[in-house]
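# Results of the structural survey
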Amino acid sequence: MKRKKITQDTIVYFINYILLTVLLVVVLYPLIYIISCSFSSGDALMSGRVKLFPVDLTLQSYQAVFKYQSIWTGYRNSIIYAIVGTLISMVLTLFAAYPLSRDDFRGKKIFTVIILFTMMFSGGLIPTYLLVKNLDLMDTIWAVVLPGAVNAYNIIVARTFFANTIPKELQEAAEMDGCTDFRFFVRIVIPLSTPIIAVLSLWVVVGLWNSYFGPMIYLNSQEKYPLQLVLRRILLLSQVNLNQSNIDPETIRKNQYLGEMLKYGTIIISTLPLMIVYPFVQKYFVKGVMIGSVKG
Amino acid sequence: MSKKTKIQIGHRKTFVQYFLGHWQLYAMIAFPIIMLFIFAYAPMYGVILAFKDYKVSLGIWDSPWAANHGFNNFIRFFSNYNFRECLRNTIVLSIYSMLVSMPCSIILALSLNYAKNVAYRKFVQMVSYCPYFISTIVFVGIINMIFDNRSGVIGSFFFNNLGINILGNASYFSSLYVWSGVWQGVGFGAIIYMAALAGVDQEQHEAAIIDGATLLQRIWYVDIPAIIPTAVIMLILNMGGTLNIGYEKILAMQNQNNIAMSEVISTYSYKVSLVSTFPDFPYSTAIGLFQSLVGLILILITNKIANKLSGTGFL
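Residues numbered from 1 in each chain as written. Chains lettered and ligands numbered in written order. Predicted model: local features only at pLDDT ≥ 70, side-chain atom pairs only at ≥ 80, totals over all residues.

## Side note on the overall build of chain A
- Secondary structure assignment for chain A yields 14 helices and zero strands.
- Its helices and strands taken in sequence order, chain A reads α-α-α-α-α-α-α-α-α-α-α-α-α-α from the N to the C terminus.
- Rg of the C-alpha trace for chain A: 25 Å, well past the compact-globule value of 19 Å for 296 residues, more than 25% over.
- In chain A, which comprises 296 residues, the proportion classed as buried is 39%.
- Restricting the contact set of chain A to residue pairs at least 6 apart, pairs at least 24 apart contribute 73%. (Helix = DSSP H or I, 4+ residues; strand = E, 2+ residues; numbered from the N terminus. Rg over C-alpha atoms; globule rule 2.2 N^0.38 Å. Buried ≥ 20, exposed ≤ 12 C-beta atoms within 10 Å, placed from the backbone. Contact = placed C-beta atoms within 7 Å.)

In C-alpha cells:
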C-alpha cells in the first residue's frame, strides 16, 4: 500500500517537471524565434528558412531601425507620455487611497462607492470621446494621459496596503504632536510605502507604454504618435516608408526585404526597455497582485 | 478606562469639527474625485446621447429625442443583421477564453507549487511572466509573423503539411485568439492562485499524508477547495467584462479573412462611429450603453449566485 503510494507520487512529480519544461519551451520558443529572425537576412525571412537560430547572420534589420526616424520620434513621445502619465496617475491614486485607508475618515463609504462604481459601469467609447473633444484635449498629450489617470483598482490596492502597514498608533501620536494629515502623509506614509508605489507605478508605466487605442483615436498629428502607433503602421498595416523613389526592380525587391527585416528589429527594440527592467521588478509585481487579491 | 473615554469623545465630534481638524484629507481626495467626475461620471451623463437624434449644431442636450420614445437607436441595433453575429462572436470569444485561461492558470499554479527544485521553479515562473510585457501591437505582429503560411515557422508547417491556412481562415480565429491569450497571460494569471496556495494550512497536508493520501488526492481535497474562493472572485470580475473583451487585441488581429468571426460588439461600435465616413454617434453610444448595462447586470448576478453558493461574493 505504502509503496504504491510512493511510486504514484514520484510519477506525478516527474510528470509535473515534464509539464513545466513543456511550458518553458512553449513560452520561450516564439521569443527566441523572433530574436533569431531579427539577426537573419531578408531573404531567409521571406523564404521561411529561420527555424531556431539566425540564418545568414546580419545586423541589417537593426541598421534599418536606427535609420527609421519615426521610430525614434515615437520612442521619445512614449517616454514622455509614460513619465507624465505615471506621475499624474500616482499622485491621484495615493491622494485617494490614503484618506480611504484611515478608519476615522468620515465619508469613507460614500467616496468608496463613488470610486468603485466606475469599475462596474462606464459611459463608453463615444461619450468619452466627445468629452475629450469638448474639453479641447484632442491631439494633445492630455488626451492620452488624463482619461485613465484615476484607476479604481489601483486605489483599492494602495488603500489596502496603507491600512495594513501604517500603524494607527503612529498616526495618532503624530496628531497629538500637532503633525497635520498632509505632512504625515508626505513624511511617514510615502516613505513606508515604497514597495506598493513601485508596483503601481510599474503597472501604470506598462499600461501607458503598451496602449494604442487611446492615442489612436485622440491623436491626429504623426509627430505626436507614441511608439505603439508607429509600430502599428509598420507591423500591422505594413506601411513602411523607405523612400521608394527608385523604380528599379532590384531596389524594390531589396526594400521589400528591408521592410520585413525592419519589423523584427522594431519588435526587439521596442520591447527591450520593459524586458530589461522586468527581472528586477518582477518580485514587486507578484507582491502587488497578492495585495490586490487580499481584499477585492 | 482612559481609552474608552477618548473613543467616546471622538464619537461626539460633529462632522464640522472633524472636517476642520482634517480638512487636508478632504483636500487630497478632492483631486481624484474631481477627475472621476470629469472623466468617468460626465461620460455616464453623456450616454443620454443614446436616446437622442444627434445634431452636432445643437449639442447633446438640445438635440431632439430619437423616435420610438427615444429607443430608436437600440431598436436599430437589435434588428440589425450585424447584431446577432457580433453578439455571438463576443460571447463565444469570452466564454471560450474564460473556460480555457482559468484552468490553465490554476494548473500552472499547482504545478509550480509542487516543483521541488526551487531554482528551476523560479526560473519557469520568471519566464512565464515575460510575455505579459509584450504590447498588444507587437504581440499581434508576432502572431502574424509566426503563423504566416509562407514565411512563418508554425504557419508554414501547418500550411505545407496539413493544408491549413491559420491566418486566412475565420474558423481558426477564436482558437488563435484564446490560446495566444493563454500564452501571454497564463504566468501572470497563476500568481493569484499561487497566493491562495501559499495560504493553505500545512497541517492539513501533514494530516493527509499521515492518513495515506497520495499527492493527487491532496491536491484534490486540500488545495482545490482552498483555491475556490479566489477562483470565484476572478470569475465574477471576468463575468462583468464578458461583453467588453480585449477589443484592443481583437481590433489589431482583424483582417479581411477573419472578420466574420472577429467582429465583436466593441469593434463594431468603434467602426460605425469613429472610422465611418458617416459617423453615427448616438447609435454607437447606444451599443456602448447596452454593453455596460449587460456587464453591470452580469456582475450583480454572478455575485449573488456566488454569495448563495459559497459566501464568497465580493460586493
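Moving on, there is more to tell.
## Overview of the overall build of chain B
- Helix and strand counts for chain B come out as 16 helices and zero strands.
- On C-alpha atoms alone, chain B measures out to a radius of gyration of 26 Å, which is more than a quarter above the 20 Å that the 2.2 N^0.38 rule sets for 315 residues.
- In terms of its C-alpha atoms, chain B occupies a principal-axis envelope of roughly 80 × 75 × 35 Å.
- With 315 residues in all, chain B has 40% of them scored as buried.
- Considering only intrachain contacts with a sequence separation of at least 6, the fraction spanning at least 24 residues in chain B is 63%.

## Considering the confidence of the model for chain B
All names here are of chain B.
- Of the residues in chain B, 94% reach a pLDDT of 70 or more, and the chain-wide mean stands at 85.
- Least confident of the elements in chain B is helix 1 (residues 2-12), whose mean pLDDT is 49; most confident is helix 3 (residues 23-46), at 94.
- Per-residue pLDDT stays below 50 along residues 1-8; that stretch engages in zero contacts with residues further than four places along the chain or on separate chains.
- Confidence metrics for the complex model read pTM 0.86 and ipTM 0.86. (pLDDT = per-residue confidence, 0-100.)

## So, the environment of G42 of chain A
Residue and element names in this part refer to chain A.
- Mapping G42 onto the fold places it in helix 2 (residues 42-46).
- Looking at G42, the number of C-beta atoms within 10 Å reads 23, which means it is buried.
- Along the backbone, G42 and G123 are 81 residues apart, and their C-alpha atoms lie at a distance of 47 Å.
- Setting aside residues no more than four positions away along its own chain, G42 makes contact with Y257, L258, E260 and M261.

## Here we look at the interface of chain A and chain B
- With 78 residues of chain A in contact, the opposing surface of chain B contributes 74 residues.
- Among the elements that make up the side of chain A that touches chain B, the one with the highest residue count is helix 1 (residues 2-38) of chain A (16 residues).
- Across the side of chain A that touches chain B, the residue classes tally to 53 nonpolar, 17 polar and eight charged. (Nonpolar A, V, L, I, M, F, W, Y, C, P; charged D, E, K, R; others polar.)

## With respect to helix 3 (residues 60-67) of chain A
- Those residues of helix 3 of chain A not exposed but buried are S61, A64 and V65 of chain A. In a view along the axis of helix 3 of chain A, the buried residues occupy a sector of 100 degrees, so they form one face of it. (Arc of directions from axis to C-beta.)

## Regarding the domain arrangement of chain B
- Each domain of chain B was delimited in the assignment, giving domain 1 (1-43) and domain 2 (81-310).
- The C-alpha-based centres of domain 1 of chain B and domain 2 of chain B are spaced at 40 Å. (Domains from an automatic or database assignment.)

## Observations concerning the nonpolar core
- If you look at the biggest cluster of nonpolar residues, it comprises 124 residues, and the most contacted ones within it are A96, A97 and A158 of chain A together with V138 and I142 of chain B.
- One finds L20 and L23 of chain A together with W183 and A190 of chain B within the second-largest nonpolar core, a separate group that totals 21 residues. (Core = buried A, V, L, I, M, F, W, Y, C linked by C-beta atoms within 7 Å.)

## Things to note about the packing of helix 6 (residues 125-134) of chain A against helix 3 of chain B
- Close contact between helix 6 of chain A and helix 3 of chain B brings their axes to 8 Å; oriented N to C, the two are set at 115 degrees. Overall, the two elements helix 6 of chain A and helix 3 of chain B adopt an arrangement that is roughly perpendicular. Considering only the axes of helix 6 of chain A and helix 3 of chain B, their crossing is right-handed. Here P127, T128, L130 and L131 of chain A of helix 6 of chain A come into contact with helix 3 of chain B, specifically with A42, P43 and G46 of chain B. (Axes fitted to C-alpha atoms, helices over the stretch in contact; angles between N-to-C directions. Parallel < 35°, antiparallel > 145°, perpendicular 65-115°, else oblique. Left-handed = near helix turned anticlockwise from the far one by under 90°.)

## Digging into the packing of helix 8 (residues 152-165) of chain A against helix 11 (residues 194-210) of chain A
Residue and element names in this part refer to chain A.
- For the pair helix 8 and helix 11, interaxial distance at closest approach is 10 Å and the crossing angle is 170 degrees. Relative to helix 11, helix 8 is oriented roughly antiparallel. Packed against helix 8, whose contacting residues are N154, V157, A158 and F161, the element helix 11 presents I196, L200 and W203 at the interface.
- Its residues placed into classes, the contact of helix 8 with helix 11 shows six nonpolar, one polar and no charged.

## Here we look at helix 10 (residues 181-192) of chain A
- Taking 1.5 Å of rise per residue, 12 residues should cover 16 Å, and helix 10 of chain A covers 15 Å from first to last C-alpha, within 8% of that figure.
- Inspection of helix 10 of chain A places D181, F184 and F185 of chain A among the buried residues, and these make up the whole buried set. The arc that holds the buried residues of helix 10 of chain A, viewed along the axis, is 100 degrees, so those residues lie on one side. Counted as exposed and oriented over 90 degrees from the buried face of helix 10 of chain A: R183, V186, R187 and P191 of chain A.
- Looking at the packing, one finds that the buried side of helix 10 of chain A touches helix 4 (69-101) and helix 9 (168-176) of chain A together with helix 3 of chain B. (Expected span 1.5 Å × (residues − 1).)

## Some remarks on unusual backbone geometry
Residues and elements named next belong to chain A.
- For D56, which is not glycine, the phi torsion reads 50 degrees and is therefore positive.
- Along the chain, D56 turns up in the loop between helix 2 and helix 3.
- One non-glycine residue, D136, lies in positive phi territory at about 65 degrees.
- As for its placement among the helices and strands, D136 is situated in the loop between helix 6 and helix 7 (141-145).
- Residue classification places D136 among the exposed residues on the basis of 10 C-beta atoms within 10 Å.

## Some remarks on the confidence of the model for chain A
- Confidence in the prediction for chain A averages 86 pLDDT; 93% of positions are at 70 or higher.
- Averaged over each element, pLDDT in chain A is lowest for helix 14 (residues 249-294) of chain A (77) and highest for helix 4 of chain A (95).

## What about the environment of G70 of chain B?
Residue and element names in this part refer to chain B.
- Within the element layout of this structure, G70 appears in the loop between helix 4 (59-62) and helix 5 (72-79).
- Accessibility expressed as a C-beta count within 10 Å gives 17 for G70, which makes it partly exposed.
- Along the sequence, G70 and L274 sit 204 residues apart, while their C-alpha atoms lie 22 Å from each other.
- The residues contacting G70, other than those within four sequence positions of it, are F51 and W65.

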